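Residues per chain are reported as follows:
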Amino acid sequence: MNQPFPEHFVWGSATASYQIEGGTTEGGRGASIWDTFCQIPGKVAGGDTGDVSCDHFHRFEEDIKMMKELGLQAYRFSLSWSRIQPDGTGEANAEGITFYNKIIDCLLAHGIEPWITLYHWDLPQGLEDRMGGWLDKSIIPIFGDYARICFEQFGDRVKNWITLNEPWCSAVLGYGLGVHAPGYADADMPYVVAHNLILSHAIAVKIYREESAHQQGRIGITNNCDWRIPLTDSEADRAAAQRSLEFFLGWFADPIWKGDYPAVMRERLGDRLPVFSADEREMLLGSSDFFGLNHYTTMLASEPDPDTKAEVNIAGNGGMAEDQDVHLSNDPDWVQTQMGWNIVPEGCRELLKWIDERYDQPEIYITENGCAVDEPDLESALHDVTRRDFFKDYLNECRHAITAGVDLRGYFAWSLMDNFEWSWGYERRFGIVRVDYETLERTPKLSAKWFSEVIETNGISM
Ligand code: GBH
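Bear in mind that the values here come from a model prediction, so they are computed numbers and not experimental data. Per chain, residue numbering runs from 1 following the sequence as it is written. In keeping with the model being predicted, local features are shown solely for residues with a pLDDT of at least 70 and side-chain atom pairs are shown and tallied solely at 80 or more, while totals for entire chains, interfaces and linings include all residues. Side-chain descriptors were evaluated using all non-hydrogen atoms of the structure, hydrogens and water having been removed beforehand.

1. Quick look at the site of the ligand
Link 1 in the chain: Distances are taken per atom, and a residue is near a molecule or strand as soon as one of its heavy atoms is within 4 Å of it. Of all residues adjacent to the ligand, which total 19 residues, the nearest are Gln19, His120, Glu166, Glu421 and Trp422.
Link 2 in the chain: Identification of polar contacts relies on pairs of N or O atoms within 3.5 Å, with a donor-acceptor requirement for protein atoms, meaning one able to donate a hydrogen and the other able to accept it, and with residues adjacent in sequence counted only if both atoms are side-chain atoms. A distance of 2.7 Å is found between an oxygen atom of the ligand and a side-chain nitrogen or oxygen belonging to Glu166.
Link 3 in the chain: At a separation of 3.2 Å, an oxygen atom of the ligand approaches a polar side-chain atom of Trp414.
Link 4 in the chain: In the complex, the protein chains occlude 88% of the 600 Å² of accessible area that the ligand would expose alone.
Link 5 in the chain: The method works on a 1 Å grid over the protein atoms by themselves. A cavity is a set of points holding a 1.4 Å probe that cannot get out, a pocket is an open set with protein on both sides within 12 Å along at least five of seven lines, and residues with an atom within 4 Å of a point line them. To qualify as sitting in a cavity or pocket, a molecule needs more than half of its atoms within 2 Å of the grid points. Comparing atom positions with the cavity grids shows the ligand to sit within the largest pocket.
Link 6 in the chain: Among the residues forming the shell around the ligand, the class breakdown is 9 nonpolar, 6 polar and 4 charged. Here the open area of atoms and residues is found with the Shrake-Rupley method and a 1.4 Å probe, where only the protein chains shown may cover a residue. Note on residue classes: Ala, Val, Leu, Ile, Met, Phe, Trp, Tyr, Cys and Pro are nonpolar, Asp, Glu, Lys and Arg are charged, and everything else, Gly too, is polar.

Here it is in structure tokens:
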């Protein structure tokens, strides 16, 4: 039976510049922190880099035709800042602007709505070298200048903007765990970086609203969050799950929807958590027209056992563990994806409800959801039943959330095609389209065909 979604629900798929483009030294592009990071031995599996990747830089027309064939209504992609400003500041690079103009025009010619993310982790290396990148407050106006160029150049045709993709990952993985560029492993840097990211988001929105109002588009931020289920019904475990969510999503969403960091973070971090001025709070509050959410997985949360604290705190939630003091674990019944992430569709529904309640019924878009499956050959990719079922089950929970009153407006499958999976290189495949990295041939998987039907019927058949 077909389970319908609301009218005007937006169906799309997503990618990111460094993960698909390649052409890293072409078109006047400057280096990014990911080009540099990939050169450090041991940082990326197999020594892989984004140098060629899916070669989208040369194949975007073919890719957009494929999107059309799949029936996508919207395509979310990110801009490579160092294609637009090769060293991060100053005049726009005409070739970079032309490249993205071609993509935007081609999408529109095929009836596909462009959703642009300004920043999906590939900071110009020049900014890292000259002023310490996200660690320094002076990045805020610099990001604003970059955003202004993008609005001026593309805003006549692009009506959906996302400032930052998953600032949690930039802060925690890039500065807390050191597994993403620029690769710092520090206890305090993530809070400083997060602060500068949040304010950079806010300044871009301010510029858009003040200078591009006539373009009549919408702008917001995309945050990521994994769901937390209390291990037991005890008050301590329920508090631990809630605390974990506030340290994860509240950290980035509270400043924007409530005007400040969660109280629990202030209590536990004291002076280590930077403070917003009154002006900054005003700039932040209400600075997102919609709630962009990337969601992948769920874990159990509990109050740590004092005797085994040190040991349990290392696992799980990527850094900040001592600060949160939450023990994370897996239900042994859960099946995991190739990333080792638990497949827990109900977690998606619960997270949507949590957001709906905490942030007063925002319009939500799931801007990423998907899974990695081990696909050694084309044959296995063409039968990616696990991925199809993952989408089906997560989408079914989205539908239940909508029925429960959550204002979910759209869904973007991660990812359009297999691509450079950051520190995992090309070994982890998230695509609904198979990419053969030798021939660069694209082949839609079973999940892509299934997703096309979902879009066409605006519903899932269960
Ligand atoms: C996204 O991040 C990125 O936006 C995208 O570029 C990337 O390709 C895609 O996901 C796939 O990785 O270790 O069990 O505690 C994902 C954010 C944050 C989701 C950490 C999983 C850890 C799960 N991830 N989270 S666990």
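Now, onward.
2. Some points on the pattern of salt bridges
Link 1 in the chain: Take a side-chain nitrogen of Lys or Arg and a carboxyl oxygen of Asp or Glu: if they are within 4 Å of each other, that pair is a salt bridge. Evaluation of the coordinates by the stated rule reveals 30 salt bridges.
Link 2 in the chain: Taking the shortest distance from any N to any O, the salt bridge between Asp418 and Lys445 comes out at 2.9 Å. Remark: Lys445 occurs in the loop between β14 (442-444) and α18 (446-457) and Asp418 occurs in the loop between β12 (408-414) and β13 (433-435); sequence separation between them is 27 residues.
Link 3 in the chain: Each of the salt bridges in this network shares a partner with another, and the network as a whole consists of Glu375, Asp384, Arg387, Asp418, Arg429 and Lys445. Comment: elements are numbered from the N terminus, with helices defined as DSSP H or I runs of at least four residues and strands as E runs of at least two.

3. A look at the sheet that holds strand β5 (residues 160-165)
Link 1 in the chain: Pairing between two strands requires that DSSP report at least two bridges joining them. Within the closed barrel, the 8 strands sit side by side as β2-β3-β4-β5-β6-β8-β11-β12. Their pairing is parallel. Between one strand axis and the next, the sheet turns by 25° as a mean value, whatever way the strands run.
Link 2 in the chain: Pairing of strand β6 (residues 218-224) with strand β8 (residues 291-294) involves 4 bridges; the strand directions are parallel. Pairing of Asn224 across the sheet is with Asn294, part of β8.
Link 3 in the chain: Here a residue-residue contact requires only that any non-hydrogen atoms of the pair lie within 4.5 Å. Whenever a helix is involved, its axis is fitted only over the stretch in contact; in every case the axis is a line through C-alpha atoms, and angles between N-to-C directions fall within 0 to 180 degrees. Contacts from helix α5 (residues 94-109) reach β3 (74-78) and β4 (113-119) within the one sheet, and its direction differs from that of β3 by about 170°.

4. Quick notes on a negative patch on the surface
Link 1 in the chain: Negative charge collects at one region of the surface, where Glu62, Asp436, Glu438 and Glu441 lie side by side.
Link 2 in the chain: Of note, Asp436 is situated in the loop between β13 and β14. Two joining distances apply to patches: 9 Å for like charges and 5 Å for nonpolar side chains (Val, Leu, Ile, Met, Phe, Trp, Tyr), and every residue must have over 30% relative accessible area and no salt bridge. Here Asp and Glu are counted as negative and Lys and Arg as positive; His is not counted, and neither are the chain ends. Lys charges are placed at NZ, Arg charges at CZ, Asp charges at CG and Glu charges at CD.

5. With respect to helix α3 (residues 56-70)
Link 1 in the chain: To estimate how far a helix should extend, the number of its residues minus one is multiplied by 1.5 Å. Along its 15 residues, α3 runs just 17 Å from first to last C-alpha, ending more than 12% under the 21 Å computed at 1.5 Å per residue.
Link 2 in the chain: Along α3, the largest kink reaches about 40° and is centred on Glu62.
Link 3 in the chain: Here the term buried applies to any residue with accessible area under 20% of the maximum for its type, exposed to any over 50%, and partly exposed to those in between, with areas from a 1.4 Å probe on protein chains only. Among the residues making up α3, those that are buried are His56, Phe57, Phe60, Asp63, Ile64, Met66, Met67 and Leu70.
Link 4 in the chain: One or two residues past the end of α3 sits Gly71, with phi positive at roughly 85°. By definition, a residue's bend is the angle between the axes fitted to the seven residues ending there and the seven starting there.

6. Some remarks on unusual backbone geometry
Comment: phi is negative for the bulk of residues other than glycine, and the bulk of peptide bonds are trans.
Link 1 in the chain: Each neighbour pair has its own omega, and for Ala181 with Pro182 the value is 5°, a cis peptide bond.
Link 2 in the chain: Position of Pro182 among the secondary structure elements: in the loop between α8 (167-176) and α9 (189-211).
Link 3 in the chain: The residue after Trp414, namely Ser415, is reached through a cis peptide bond having omega 5°.
Link 4 in the chain: Inspection of the secondary structure assignment puts Ser415 in the loop between β12 and β13.
Link 5 in the chain: The phi dihedral of Gln216 falls on the positive side, at around 50°, and the residue is not glycine.
Link 6 in the chain: Along the chain, the position of Gln216 falls in the loop between α9 and β6.
Link 7 in the chain: On the basis of relative accessible area, Gln216 is assigned to the exposed category, the value being 68%.

7. Structural notes on the pairing of β12
Link 1 in the chain: Most of β12 is tucked away: 6 of the 7 residues are buried.
Link 2 in the chain: By the bridge criterion, 5 bridges tie strand β2 (residues 10-14) to β12 in an arrangement that is parallel. In the strand pairing of β12, Ala14 is matched with Trp414.
Link 3 in the chain: As defined by bridge partners, strand β11 (residues 364-368) adjoins β12 across 3 bridges and the pair is classed as parallel. Following the sheet pairing, Ile366 is matched in β12 by Tyr411.

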